Amino acid sequence: MGNYYQKEIECASRDEMIAIQNEKLVKQVKRVYENVPYYRKKMEEKGVTPEDIKSIDDLHKLPFLMKSDLRDAYPYGLMGKPLSECVRIQSTSGTTGRRVVAFYTQHDLDIWEECCARAIVAAGGTKDDVCHVSYGYGLFTGGPGLNGGSHKVGCLTLPMSSGNTERQIQFMTDLGSTILCCTPSYAAYLSESIHERGVKDQIKLKAGIFGAEAWSEEMRKSIEAGLGIKAYDIYGLTEISGPGVSFECEEQSGMHINEDHFIAEIIDPKTGEVLPEGSVGELVFTCIDKEAFPLLRYRTRDLCVLSRKPCSCGRTHVKMSRLMGRTDDMLIIRGVNVFPSQIETVLIKDGYPANYQIIVDRVNNSDTLDVNVEITPEMLTDTTMGISEREKQLVNDLKAMLGIKAAVHIVEPKTIARSEGKAVRIIDKRKI
Ligand code: DLL
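Residues numbered from 1 in each chain as written. Predicted model: local features only at pLDDT ≥ 70, side-chain atom pairs only at ≥ 80, totals over all residues. Heavy atoms only, no water.

## Examining the pairing of strand β6 (residues 207-211)
Strand residues, when the strand is regular, have side chains that alternate between the two faces of the sheet.
Here is step 1: Burial runs high along β6: 5 of the 5 residues are buried.
Here is step 2: Residues Ala 207, Ile 209 and Gly 211 point to one face of β6 and Gly 208 and Phe 210 to the other, with burial holding for every one of them.
Here is step 3: Bridge count between strand β5 (residues 179-182) and β6: 4 bridges; the pairing is parallel. Across the sheet, residue Cys 181 finds its bridge partner in β6, namely Ile 209.
Here is step 4: In this view, the connection linking β5 to its parallel neighbour β6 by way of helix α8 (residues 184-196) has right-handed handedness.
Here is step 5: Read as a crossover between parallel neighbours, the route from β6 over helix α9 (residues 217-227) to strand β7 (residues 230-237) is right-handed. (Buried < 20%, exposed > 50% of the residue type's maximum accessible area, 1.4 Å probe, protein only. Helix = DSSP H or I, 4+ residues; strand = E, 2+ residues; numbered from the N terminus. Pairing = 2+ DSSP bridges. Right-handed = clockwise from strand over helix to strand, strands pointing away.)

Pasting the structure below:
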């Protein structure tokens, strides 16, 4: 078993990391220019040659790749290796347009699984752990990624996939799962189901590695309390490999980006200008050693902040904050920018579960915002506050957070559909 706390890399000095990145970037740009005609054309249009890229300081000269490029080049147009050298594809669900298909050589799979192994180790995982993987398996990267990482660490790996909550809990209790990997919304649902069955004391979980969708600090606290664990955020996207592009350590204050494989930049989503450390902007990744799908300057549409403040865990890799939304999930309601994460923060702060739905519509030429949220069984029996009072309180708290008024509807427990993968929380009828 390898040591997947790769101290010399994860704790390298800034100069050492820049040297690694410079060397890999120069080679990667040359490789992509020679092997990916689609990107070569983009470079030519911008008047950039591989010789212009001598170090990471020249990164900004390269053209961006966007989701629309992936669509234009679908399915093979961005490949950096012939199909005969590829061993795997993974894909997104394609809910926002044509699906993304990403290719991997064996080398790419090794990098990806190594990144996931680092994430598991950072969450306290060792070969003595039982790693319960409830992300979906198949085309979605969640299951295969964490499964590979768990193998590398040497954990006993339970490839549960998503769904069948009864069986999940049975295996969890029978086999003594210690690390749970799934979406935060499914973790919340599992926690609720475990409590309902009265089997909390038979659960040996100590940590959870949750990602693939936005979740708030309040939701973290509620999952941690419900399952009696430490909950770690993990981030990634199919285009760049999958989960493990970045992950949280014991400090739980942002995710270390695996900088020896992916260079991160933050740009102004409107102008494309690179922003200084500490600015909120769109995250852009350059893969510096992937072979089959070597995306350079890929615009993720995810909004966050990068920070190089020293971390108490000793890792020196740059940290990205929790995602603040996506450039494309920001709702503009009556001219005001609203992120679903802001709504979740209010709901959970006021004690509601993360079972909610945001419905946006347009009535008489004006946008409407409705928030449906489940009440908890405890709140139902609490006689000190009625439903209409509760709704009023939420309307006020949401107004304070968003700056606009939302209609709030408190609904019975278990009336909003649970998700086993990524939760669907926004219904924007204006687009239908
Ligand atoms: O969701 C990969 C993944 C699997 C990450 C398991 C973490 C755990 P995609 O299906 O391609 O890949 O979706 C990528 O999901 O651009 C973000 O908008 C969102 N996302 C991923 N991780 C997080 C996170 C996987 N920790 C898209 N917090 C990304 C918030 C996340 N959003």
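This is not the end of the story, as more comes after the structure.
## With respect to the state of the cysteines
Here is step 1: Evaluated as defined, the whole model comprises 0 disulfides.
Here is step 2: The thiol of Cys 11 is unpaired, and the distance to the nearest cysteine sulfur, on Cys 313, comes to 6.5 Å.
Here is step 3: According to the relative accessible area criterion, Cys 11 is partly exposed, its value standing at 22%. (Disulfide = S-S within 2.5 Å.)

## Considerations on α8
What sets the pattern is the α-helix's 3.6 residues per turn: residues three or four places apart point alike.
Here is step 1: Given a rise of 1.5 Å per residue, 13 residues ought to cover 18 Å, and the 18 Å separating the end C-alpha atoms of α8 matches this to within 8%.
Here is step 2: Among all positions in α8, only Pro 184, Ser 185, Tyr 186, Ala 187, Leu 190, Ser 191, Ser 193 and Ile 194 are buried.
Here is step 3: Buried positions along α8 lie against α7 (165-175), β5, β6 and α9. (Expected span 1.5 Å × (residues − 1). Contact = heavy atoms within 4.5 Å.)

## A word on the site of the ligand
Here is step 1: Around the ligand, the surrounding shell holds 20 residues, and the nearest of these are Asp 233, Ile 234, Thr 238, Asp 302 and Lys 422.
Here is step 2: Taking 610 Å² as the accessible area of the ligand by itself, protein coverage stands at 92%.
Here is step 3: If you tally residues by element for the shell around the ligand, the top one is β7, at 5 residues.
Here is step 4: When its residues are assigned to classes, the shell around the ligand shows 9 nonpolar, 6 polar and 5 charged. (Near = heavy atom within 4 Å. Areas by Shrake-Rupley, 256 points an atom, 1.4 Å probe, with all protein chains shown as cover. Nonpolar A, V, L, I, M, F, W, Y, C, P; charged D, E, K, R; others polar.)

## Focus on unusual backbone geometry
Here is step 1: The peptide bond linking Tyr 74 to Pro 75 adopts the cis configuration, its omega dihedral lying at -10°.
Here is step 2: Here Pro 75 shows up in the loop between α4 (67-72) and β1 (88-91).
Here is step 3: Its identity as a non-glycine residue notwithstanding, Arg 301 has a phi of 75°, on the positive side.
Here is step 4: You can see Arg 301 is positioned in strand β12 (residues 298-304).

## What to know about helix α5 (residues 106-122)
Here is step 1: In a regular helix each residue adds 1.5 Å, so 17 residues correspond to 24 Å; α5 covers 24 Å between its end C-alpha atoms and thus fits that length.
Here is step 2: Within α5, 13 of the 17 residues are buried, leaving the element largely enclosed by the surrounding structure.
Here is step 3: In the segment just after α5, Gly 124 is the residue with positive phi, at about 95°.

## Some thoughts on the nonpolar core
Here is step 1: Counting residues in hydrophobic clusters, the biggest one holds 73 residues, and the most contacted among them are Leu 62, Leu 283 and Phe 285.
Here is step 2: The greatest single-element share of this core, amounting to 9 residues, is contributed by α5.
Here is step 3: Ile 358, Val 371, Leu 398 and Ala 406 belong to the second largest nonpolar core, which has 23 residues in total. (Core = buried A, V, L, I, M, F, W, Y, C linked by side-chain atoms within 4.5 Å.)

## Looking at the sheet that holds strand β13 (residues 306-307)
Here is step 1: With respect to topology, 9 strands assemble into an open sheet ordered β4-β3-β5-β6-β7-β8-β9-β14-β13, the strand pairing being mixed. Strands with a single pairing partner mark the edges of an open sheet, and in this sheet they are β4 (156-159) and β13.
Here is step 2: Both strand β3 (residues 130-133) and β5 contribute to a ladder of 3 bridges, which runs parallel. The residue of β5 that forms the bridge with His 132 is Leu 180.
Here is step 3: Against the sheet, α8 touches β5 and β6, its axis set at about 125° to β5.
Here is step 4: Packing against the sheet, α9 makes contact with β5, β6, β7 and β8 (242-248), and its axis sits at approximately 130° to β7. (Axes fitted to C-alpha atoms, helices over the stretch in contact; angles between N-to-C directions.)

## A few points about the side chain of Ser 191
Here is step 1: Residue placement: Ser 191 occurs in helix α8.
Here is step 2: Exposure remark for Ser 191: the relative accessible area of 8% places this residue in the buried category.

## Some details on the pattern of salt bridges
Here is step 1: Summed over the entire model, instances satisfying the criterion amount to 35 salt bridges.
Here is step 2: Across the pair Glu 218 and Lys 349 runs a salt bridge whose closest N-O atoms are separated by 3.8 Å. Placement of Glu 218 in helix α9 and of Lys 349 in helix α10 (residues 340-349) is noted, with a sequence separation of 131 residues between them.
Here is step 3: Between Glu 265 and Arg 297 there is a salt bridge, with the nearest N and O atoms lying 2.9 Å from each other. One end of the pair, Glu 265, is in strand β10 (residues 262-267); the other, Arg 297, is in the loop between β11 (281-287) and β12, with 32 residues separating them in the sequence. Of the two residues, Glu 265 and Arg 297, neither departs from the other in class, the shared state being buried.
Here is step 4: Within this structure, Glu 10, Glu 114, Arg 118, Asp 260 and Arg 315 form a network of salt bridges that share partners. (Salt bridge = Lys/Arg side-chain N within 4 Å of Asp/Glu carboxyl O.)

## A word on the environment of Asp 260
Here is step 1: Looking at where Asp 260 falls in the secondary structure, it is placed in the loop between β9 (255-257) and β10.
Here is step 2: Under the relative-accessibility criterion, Asp 260 is labelled buried at 2%.
Here is step 3: The spacing of Asp 260 and Asp 289 is 29 residues in sequence and 8.5 Å in space, taken between C-alpha atoms.
Here is step 4: Those residues in contact with Asp 260, other than ones at most four positions away along the chain, are Ile 9, Met 17, Ile 20, Lys 24, Arg 118, Ile 288, Asp 289 and His 317.

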